[in-house]
Amino acid sequence: MEMRTRFDWGQVVRLGLLMGIVALSLCLIGMVGTFDERNIIGGVITLGQILLFGPAVAGGYVLAQSTSRLRSEAETSSAESTGTVSTLLGALMVGLISSLPLILLIFLGQITTPEGGVWLRQFLPNVSPELLEMLTFGQGPVLGSLILAGVTASLSMLGAGANLLPQRVRSPLLTGLMAVLMMGLMAEIIILAWGSKGIGLLIRRVLFEAGGLSLVGTALIFLIAAGANVGWATQRERVQRRVSALPPKRQKRLDRTRVALGVLLMLLLPFILRTYLTEVVNNIGLYILMGFGLNIVVGFAGLLDLGYVAFFAIGAYTMGMLTSTGELGGAGMSFWAALPFCLIASVVAGVILGVPVLRMRGDYLAIVTLGFGEIIRILALSDWLKPFIGGAQGILMIPKPSIFGLRFLTPQSLYYLILICCLVAAFVSWRLRDARLGRQWMAMREDEDVAEASGIPLVKTKLLAFATGAAFAGLSGAIFASKLSSVFPHSFNLLVSINVLCLIIVGGIGSLPGVVVGAIFLIGLPELLREFAEYRYLMYGALLIVMMLLRPEGLWPSAVHKRELHADELATSAGQATGGPALSEADS
Amino acid sequence: MRQRLQNIDILDVIMWLFRAVIIVAVVWGIVSTILDNPYTPEAWIDLVVAGVAQGSLYALIALGYTLVYGILFMINFAHGEFFMSGIFTSTVFIAIPMSRTPFWNQHWILSLLLVGAVAMAVSVGVALLTERIAYRPLRYAPRLVPLITAIGASFFWQYFFRGLYGSGITAFPTVEALQGSLTIGPLRILWTQVAVIASTIVLLIGLYIFVMRTKTGKAMRAVAEDKQVAALMGIDVDRVIVITFAVGAAMAGAAGLLYALMYRQVFFLMGFIPGIKAFTAAVLGGIGNVVGAALGGLLLGMFEAVGPNLILEGLGIPAANQLKDVFAFLMLVLVLIFRPQGIMGERLGDKKA
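Residues numbered from 1 in each chain as written. Chains lettered and ligands numbered in written order. Predicted model: local features only at pLDDT ≥ 70, side-chain atom pairs only at ≥ 80, totals over all residues.

A. Looking closely at the overall build of chain A. If you tally the helices and strands in chain A, you get 26 helices and 6 strands. Over its C-alpha atoms, taken along the principal directions, chain A stretches across nearly 75 × 75 × 50 Å. Here chain A, with 588 residues, has 44% of them falling under the buried criterion. Put simply, of all contacts in chain A between residues at least 6 apart along the chain, 76% involve residues at least 24 apart. (Helix = DSSP H or I, 4+ residues; strand = E, 2+ residues; numbered from the N terminus. Buried ≥ 20, exposed ≤ 12 C-beta atoms within 10 Å, placed from the backbone. Contact = placed C-beta atoms within 7 Å.)

As structure tokens, then:
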């Protein structure tokens, strides 16, 4: 009985309404309707249904999560059974309440008709008869609403039930479900990349069906993922213990083997991924290059640059003008001869931007750099410079790079070029970070006045940051131009700058592996979810918010940054351990 | 020490050179345009009036940026979307259905007030939701983190409303009474421009009184000055921040109606460019400063309208109007070179941005 009093009905109502409104929004913006065509598990579950009912399941899960936290705080083991029942009851209510907004939509959709003068679809184009049919399971408004409420309620209870399961059952279950969902989402890409011939075709026949997973495939993937989860959970400690028990010599050898495997994987990647996915990886690579550059400017030196695309554009246009065999290219250089000029051009641009903004700080710098990026784009688009760089038509017929007569024609061969550039950029960033210059940048980031007072030449240090960052972007732009064989002003909008900034922060600002992780996450994932078309940016935006809320330090934070963010916790724990003196250290 | 002095000297020399080159270029452009005399005085006046109307919009939107920045030191990238969401919703649900009835033109002031009120309410709603979900939990995170959630919120709302009302351009119904123009001597002003400028003046005065004369406004200024001390004085900081967002979004919602009146169209990306321009205006005026934002908006609108014709054409650049945005940003850079803290901003040395 004690649990019942602890039960927070306000929370149940809030959660139910929230989830209902989420489901309603997904209906109204058309995601549910559009993706009802898209199978996750062929013939059984569509993506639309997952979007429609997912919030109810999540509602139950979240409710169970928060009550179980309450319970563990209360530590009243005797009340556990009542707790389970009342949690399930609460989940039932959450499910019922979450169906209310949808039922309201059903009735509004029924009442308003094209003939009646007021028609809901006039305002909200996505409230189509098909959507209403889906919501009511084709059973008419009254019976349909009842069924809908029943389904959301039971799904919400299922969600709560999943949370109530013991950890060793729940974890594999969730892993399996996630794997099925991911495979279902990626189905089209996987089929596109591998499913055309050989073993790929065979696997495709077994796993996939009608653009989604087949029942057999679903079962297989679920079992594999769940099994892997169980295996990992039970074996991890044993393996770790055995590895740490090895003599140092063999540990070193193990490390070396790991590195060798990683290198081998990187070298073989284009053969594994085939053409389409290699193209995606190449795009990621170009963003990684830019990410390393911006990481120096923003991550190391703390200069917020929102117009980073400008240097990318300058690199690309320089490459185009110097190498194009079309009417705009005069010089007719080769890729390699033009590359230094691209770098020089973008470095010069970096310094030119750098000088007037030397005295600006923080957000003044942000908007000026943003303006600089826009200026470059509009100039590229303008009639004024059209005789030189082609205006909206851009520069065409840019040759691909070649080495000893071998031309980098395919995405696979370009991959190696980009890989080498990325490795060089990573190496340069890594060495710079720990060099005198890197330390100067970081000192400047922390406090300009103090840095100046300690004898750091601010002008030189800032300009070097801009110049180095610009060089990386210029390199990326040069490769971009010859990769596409053409440059257009449209490729250089603000979105590129924003993407690069987001990827370094999502990866973990100032962290080099973070750049790679962030680029894979923010550039690769949207590429793979291409079929979401118009909803991609919606999801991108939501993802950015969720990521920052859950992990403000980024996916792979740098050691320094992590320490700063968790300085308080460290200080308290260290303070408890040593009795105080650590506090001042963490503060500094 | 000598090394450092030398560095600063070189920088100062470069800066002065920059300034000199700019002044020469601007003067050259103006003089040669005036000598060429390509436009009639009426055309210039038209340009200036159009610029003031455009600038009023920027000013109204810029207020939202500046108010939020003044308190939270964050660039609220989603502010342009607050502007869009209100008028988009209000157009679809209020303006278009109402324009089918005779009431729309008979009582056009009432109708527009209703449309504006709904737009403001929706903008405020969207802003408060964004603040609650995406900004408040990150109030003490490093400064770039809320910037990223703001960018995320901006994308989210753009494509949310695109999904909701469709991706096409929706026409805002015309208001008969605002057709045609007002003629005072040589001055010819479109009625829509009159409406835009007049409403902006009313709104700006209202906001100024709110910030300077009311108790809530005083609390806002106190929180902007120092959050901790304000909290110690018994001010509910969370509530003040919410009010700040609401006031900024209400101004953006009103600006949305004025935009719709001027351009007669609404669409999901309409907040993007005005948002960036308004942010530029806020920085131009000195970010964090309310009067500066209004002034910056007006100046930006005017320079944008007059500048390309006045200066760039004189320099012999073809199709100068294409470079309107280039000019706007160049002007920002120039103003900041002369005054790094913006027109009305306080010295950055005293308060760290």
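Further notes follow.
B. View of the interface of chain A and chain B. Counting from both sides, the interface comprises 46 residues of chain A and, opposite them, 50 residues of chain B. At the level of secondary structure, the elements contributing two or more residues to the side of chain A that touches chain B comprise α15 (362-381), α21 (494-507) and α23 (536-550) of chain A. If one sorts the elements of the side of chain A that touches chain B by residue count, α15(A) sits on top with 11 residues. A class-by-class count of the residues in the side of chain A that touches chain B yields 34 nonpolar, 6 polar and 6 charged. (Nonpolar A, V, L, I, M, F, W, Y, C, P; charged D, E, K, R; others polar.)

C. Structural detail: unusual backbone geometry. Look at S485(A): it is not a glycine, yet its phi comes out positive at around 65°. For S485(A), the position within the fold is in the loop between α20 (458-484) and α21. Its identity is not glycine, yet F73(B) carries a phi of approximately 55°, on the positive side. If you trace the backbone, F73(B) turns up in the loop between α2 (41-72) and α3 (79-99). What makes F73(B) partly exposed here is the crowd of 17 C-beta atoms within 10 Å.

D. The environment of F82(B), seen in detail. All names here are of chain B. By the element assignment, F82 lies in helix α3. Classification of F82 by C-beta neighbours within 10 Å gives buried; the count is 33. Through-space distance from the C-alpha of F82 to that of F103 is 28 Å; in sequence the pair is 21 residues apart. With sequence-adjacent residues up to four places away left out, F82 is seen in contact with G64, S123, V126, A127, A249 and A252.

E. Representation of helix α11 (residues 272-285) of chain B within the structure. In this model α11(B) runs 20 Å from its N-terminal to its C-terminal C-alpha over 14 residues, within 8% of the 20 Å that 1.5 Å per residue would give. Within α11(B), 12 of the 14 residues are buried, leaving the element largely enclosed by the surrounding structure. Here α11(B) has its buried residues at P274(B), G275(B), I276(B), K277(B), A278(B), F279(B), T280(B), A281(B), A282(B), V283(B), L284(B) and G285(B). Considering only its buried residues, α11(B) is in contact with α15 of chain A together with α2, α3, α10 (237-263), α12 (290-312) and α13 (324-338) of chain B. (Expected span 1.5 Å × (residues − 1).)

F. Representation of the pairing of strand β3 (residues 187-190) of chain B. Note: strand β2 (residues 181-184) of chain B against β3(B), 4 bridges, orientation antiparallel. Note that in β3(B) the partner of T183(B) across the bridge is R188(B). (Pairing = 2+ DSSP bridges.)

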